[in-house]
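Coordinate inspection notes
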Amino acid sequence: MRAAAVAHPNVALIKYWGKREASGNLPAVGSLSMTLSALVTETAIEFDESLDHDVLLLNGVEQPAEDGRLVACMDALRELAGCDLHATVESENDFPTGAGLASSASGYAALVTAAAAALGIDARDPRLIDIARIGSGSAPRSLFGGIVLLENDGDGTVCEQIITPEEWALSVVVAITTEAPKTVTSRDGMEQSRLTSPYYAAWLDTHAHDLCQATGYVRDRDFFALAELAEHNCLKMHSVMMTTRPPLMYWSPSTLAVLRRIGELRADGLPVFFTIDAGPQVKAVCPTEVADDVTAALDAVPGVLRTIAGELGYGARVVGD
Ligand code: PMV
């Protein structure tokens, strides 16, 4: 009863920030994301009758047992499979963990995929989407490759691939401006925004329109329309973050320097746009044919430690046992 799986983080073009009040980690809004081939999480799981609790090793370090998300996710998997065994989970990221690079999304997508294989659950069972969501609201998106739409459906989540990696040759260049983990997690930050930001209601009110328009632009491969809307949606989310009490300032000075550089590149005719999640790293989205130019330009921005570039990635998948 063991298996291993890989999954890639994803970056949202239309963001999710805020949960519904109901339990189950249900997002308040849908989202649209790109799966990033350049970053990889690999997770191995082994169910073992000698264990009386689940054990999680993240990058080789055992994590505190009180992480309720892991146990909630594992309990849901056990219930689905009709199994009462506990497991050892070993997860490795080849990129900085907890630094705004969606490690929880790839982590929970890889966990659910590996656990399903170990427990004999069909990988296409739609209940796995809801189980991944218990771990992280953005994790269901990493179960799929290419460009992915996540929407609420009653008390559940539906998630679908709308573009395969082969259908649109896009790349993402990640400009790393600090490797330090963030001080406020997405989970805590978005709850604080819901409770205190005066702009949270406007964020919710305008969100469905952004999501619908952006999905249309993706289906039409309209890069420049998507660029303008994705940047707007990202800055709207960061406005909510910054007007949270106490404020959530996820940017570093170099984050702003990279945004400015991307603006100059686009003004000079290069097809590229930015997006930023709950961290200081900037993700530059561009057609793959200009990814080398974008990488060279962002590597030269003072304060950029390094860049990581890659094309659209595939969904979470089993890699062996
Ligand atoms: O899935 P979580 O709880 O790590 O939250 C993700 C939040 C953002 O990355 C900021 C936005 C998004 O849609 O990915």
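As a starting point, this report considers the structure included with it. (Residues numbered from 1 in each chain as written. Predicted model: local features only at pLDDT ≥ 70, side-chain atom pairs only at ≥ 80, totals over all residues. Heavy atoms only, no water.)

What to know about the overall build of the protein
Stated precisely, the cut-off is as follows: Only DSSP runs of H or I with at least four residues qualify as helices, and only runs of E with at least two residues qualify as strands; both kinds are numbered from the N terminus onward. For this measure, only C-alpha atoms enter the radius of gyration; the expected value for a globule follows 2.2 Å times N^0.38, where N is the number of residues. Think of it in three bands: with a 1.4 Å probe and only protein chains considered, a residue is buried below 20% of the maximum accessible area for its type, exposed above 50%, and partly exposed in between. Whether two residues touch is decided by their heavy atoms; if any such pair falls within 4.5 Å, the residues are in contact. We count Lys and Arg on the positive side and Asp and Glu on the negative side, and we leave His and both chain ends out. The atoms used to mark charge sites are NZ of Lys, CZ of Arg, CG of Asp and CD of Glu.
When you go through the protein residue by residue, the secondary structure sums to 9 helices and 14 strands. Here the C-alpha atoms of the protein give a radius of gyration of 19 Å, agreeing with the 20 Å that 2.2 N^0.38 yields for 321 residues. Taken over 321 residues, the protein has a buried fraction of 55%. Within the protein, contacts between residues separated by at least 24 positions form 77% of all contacts whose residues are at least 6 apart in sequence. A gap of 6 Å separates the mean positions of the 23 positive and 43 negative side-chain charges of the protein.

A word on the pattern of salt bridges
For clarity, the cut-off: Here, a salt bridge means any side-chain nitrogen of Lys or Arg that lies within 4 Å of a carboxyl oxygen of Asp or Glu.
Taken as a whole and assessed by the stated rule, the structure comprises 13 salt bridges. With a closest N to O distance of 2.9 Å, R78 and D75 form a salt bridge. Of this pair, R78 and D75 both sit in helix 1 (residues 68-81), 3 residues apart, roughly one helical turn. Classification of D75 by relative accessible area gives partly exposed; the value is 39%.

Remarks on the site of the ligand
Rule in force here: When we say a residue is near a molecule or strand, we mean one of its heavy atoms is within 4 Å of it. Pairs of N or O atoms are called polar contacts if they sit within 3.5 Å, as long as, within protein, a hydrogen donor faces a hydrogen acceptor (for residues adjacent in sequence, only side-chain-to-side-chain pairs). Ten residues, namely Ala, Val, Leu, Ile, Met, Phe, Trp, Tyr, Cys and Pro, are considered nonpolar, four, namely Asp, Glu, Lys and Arg, are considered charged, and the remaining ones, Gly among them, are considered polar.
Around the ligand, 14 residues are found, and the nearest of them are Y16, S136, G137, S138 and R141. Contact between the ligand and S104: an oxygen atom at 3.4 Å from a side-chain N or O atom of the residue. The residue makeup of the shell around the ligand, split by class, is 6 nonpolar, 5 polar and 3 charged.

A closer look at helix 7 (residues 223-242)
This is how it is decided: Take the number of residues in a helix, subtract one, and multiply by 1.5 Å to get its expected span.
In this model, helix 7 (20 residues) spans 28 Å end to end at C-alpha, consistent with the 28 Å of a helix rising 1.5 Å per residue. Of all 20 residues in helix 7, 14 are buried; the element is thus mostly enclosed.

A few points about the nonpolar core
The line we're drawing: The criterion is simple. A nonpolar core is a set of buried Ala, Val, Leu, Ile, Met, Phe, Trp, Tyr and Cys residues joined through side-chain atoms within 4.5 Å.
I45, F47, M74, L77, L111, L128 and I131 are the most contacted members of the largest nonpolar core, which has 35 residues in total. Where this core is concerned, the elements lending two or more residues are strand 1 (2-7), strand 4 (41-48), helix 1, strand 7 (86-93), helix 2 (103-119), helix 3 (127-135) and strand 8 (147-153). Of the residues forming this core, the biggest block, 10 residues, is contributed by helix 2. Ranked by size, the runner-up nonpolar core spans 34 residues in total, among them W17, M190, Y250 and V294.

Some points on the sheet that holds strand 9 (residues 156-163)
Put simply, the test is: Pairing between two strands requires that DSSP report at least two bridges joining them. Angles here are taken between N-to-C directions and fall from 0 to 180 degrees, while the axes themselves are lines fitted to C-alpha atoms, restricted in helices to the stretch in contact.
Reading across from one edge, 2-3-8-9 is the order of the 4 strands in this open sheet, with antiparallel pairing throughout. The open sheet terminates on both sides in strands that have one partner only, identified here as strand 2 (10-14) and strand 9. On average, each strand axis in the sheet is inclined to that of its neighbour by 30°, with strand direction left out of account. Where strand 8 meets strand 9, 7 bridges bridge the pair, whose relative direction is antiparallel. Within strand 9, the position partnered with D153 by the bridge is G156.

Side note on a negative patch on the surface
So the rule is basically this: Any residue with relative accessible area above 30% and no salt bridge may belong to a patch, with like charges joined within 9 Å and the nonpolar Val, Leu, Ile, Met, Phe, Trp and Tyr side chains within 5 Å. Note on areas: Shrake-Rupley with a 1.4 Å probe; residue coverage comes only from the protein chains shown.
The grouping of E42, E46, E90 and E92 at the surface amounts to a negative patch. Sorting the residues of the negative patch by element identifies strand 4 and strand 7 as the ones contributing at least two each. Mapped onto the elements, E90 comes out in strand 7. The exposure class assigned to E90 is partly exposed, which follows from its relative accessible area of 45%.

Comments concerning the side chain of T35
Among the secondary structure elements, T35 is positioned in strand 3 (residues 31-35). The class for T35 is buried, based on a relative accessible area of 0%. For T35, the residues in contact, after removing those within four places along its chain, are H8, P9, N10, R141, F144, G145, G146, V148, E311, L312, G313 and Y314.

Section: the pairing of strand 1
In terms of burial, strand 1 is largely enclosed, as 5 of its 6 residues are buried. Looking at chain direction, strand 1 and strand 4 are connected through 6 bridges and run antiparallel. Bridging from a neighbouring strand, V6 pairs with E42 of strand 4.

Brief notes about the environment of P198
Structurally, P198 is set in the loop between helix 5 (186-196) and helix 6 (200-220). Spatially, the C-alpha atoms of P198 and V318 are 44 Å apart, while their sequence positions differ by 120 residues.

Some details on helix 3
Inspection of helix 3 places L128, I129, I131, A132, R133 and G135 among the buried residues, and these make up the whole buried set. Summarising the contacts, the buried residues of helix 3 are in contact with helix 1, helix 2, helix 4 (139-142), strand 9 and helix 5.

A look at the sheet that holds strand 11 (residues 273-275)
Ordered in space as 11-12-10-13, the 4 strands form an open sheet in which the pairing is antiparallel. Each edge of the open sheet carries a strand with a single partner, namely strand 11 and strand 13 (306-311). Adjacent strand axes in the sheet meet at a mean angle of 25° when their direction is disregarded. Sheet topology note: the strand 10 (residues 170-176)/strand 12 (residues 282-287) ladder contains 6 bridges and is antiparallel. Directly across from A175, in strand 12, lies its bridge partner V282. Here helix 7 sits on the sheet and contacts strand 10, strand 11 and strand 12; the angle it forms with strand 11, its principal contact strand, is near 30°. Strands in contact with helix 9 (residues 291-299) are strand 10, strand 12 and strand 13; relative to strand 10, the strand with the most contacts, it is inclined by about 10°.

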